[in-house]
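Fold and geometry: a report
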Amino acid sequence: GNAEDKYAFFTKATKPKLDSMMEQVECKYEFSTKALDSKMEQKNSIDRNTRALRRDLADQKKRWRGFRGHTAEMTNLWFDEILNKCGSAGEVNFDHEAGQLNLSVQKNNKDEHSLSTDLNAQSGGERSFATLALL
């Protein structure tokens, strides 16, 4: 018995400590598992919100492009309509990609040779009239 006595003493002395340590490990494991589950749910929620926001952004961009196109079309129609009242014709070309607005004005709507895309080539009065027609 001497070895058995030492083992029994060791077991008797260390078992409560080992049990206590095991409880702490299990408690920490349970806490960590719950924290991980909570974080994963937060991540999944963020992922869902991100997808929803991307869809909303795509829809808004689509509506914006439609609105921008409609505005450009109506501006072009009204510009030509106002110029036609004075015997001229015109076109407004929106270049959305380049961020430019280009005007073409035909002094006489019956004479295609009077078409001008360079507003500097027009007289001051013609430029002013085209500007007011655009506004």
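Residues numbered from 1 in each chain as written. Predicted model: local features only at pLDDT ≥ 70, side-chain atom pairs only at ≥ 80, totals over all residues. Heavy atoms only, no water.

We now examine the pattern of salt bridges. A full pass over the atoms with the stated rule returns three salt bridges. Note that Lys 34 is salt-bridged to Glu 30, the shortest N-O span being 3.3 Å. Residue Lys 34 and its partner Glu 30 are both found in helix 1 (residues 2–84); the two are separated by four residues, about one turn of the helix. Taking the relative accessible area as the measure of exposure, Lys 34 reaches 54% and is therefore exposed. One salt bridge in this structure joins Glu 41 and Arg 48, with 3.3 Å as the shortest N-O distance. A relative accessible area of 45% means that Glu 41 is categorised as partly exposed. (Salt bridge = Lys/Arg side-chain N within 4 Å of Asp/Glu carboxyl O. Helix = DSSP H or I, 4+ residues; strand = E, 2+ residues; numbered from the N terminus. Buried < 20%, exposed > 50% of the residue type's maximum accessible area, 1.4 Å probe, protein only.)

A few words on a nonpolar patch on the surface. Taken together, the side chains of Met 74, Leu 77, Trp 78 and Ile 82 define a hydrophobic patch exposed on the protein surface, amounting to about 380 Å² of accessible area. A relative accessible area of 48% means that Leu 77 is categorised as partly exposed. (Patch = residues over 30% accessible without salt bridge, like charges linked within 9 Å, V, L, I, M, F, W, Y side chains within 5 Å. Areas by Shrake-Rupley, 256 points an atom, 1.4 Å probe, with all protein chains shown as cover.)

Before going further, it helps to examine the pairing of strand 1 (residues 89–95). Sheet topology places strand 1 next to strand 2 (residues 100–106); seven bridges connect them, and they run antiparallel. When the bridges of strand 2 are listed, Glu 91 appears paired with Ser 104. Connecting the antiparallel pair strand 1 and strand 2 is a turn made up of four residues, with Gly 99 showing a positive phi of about 70 degrees. (Pairing = 2+ DSSP bridges.)

To continue, consider the packing of aromatic side chains. Describing an aromatic ring pair means giving the distance of the ring centres and the angle of the ring planes. Applying the stated rule across the entire model yields one aromatic pair. For the pair Trp 64 and Phe 67, a centre-to-centre distance of 5.7 Å together with 40 degrees between the ring planes defines the contact as tilted. Of the two residues, Trp 64 and Phe 67 are both situated in helix 1; the distance of three residues between them amounts to about one turn of the helix. (Phe/Tyr/Trp six-rings, centres within 6.5 Å; stacked < 30°, edge-to-face > 60°.)

This part takes up the sheet that holds strand 2. The antiparallel open sheet is built from three strands, whose spatial order is 1-2-3. If you trace the sheet from one side to the other, it starts and ends with strand 1 and strand 3 (115–116), each paired once. In this structure, strand 2 lies alongside strand 3, joined through two bridges in antiparallel fashion. Bridge pairing in strand 3 places Val 105 opposite Ser 116.

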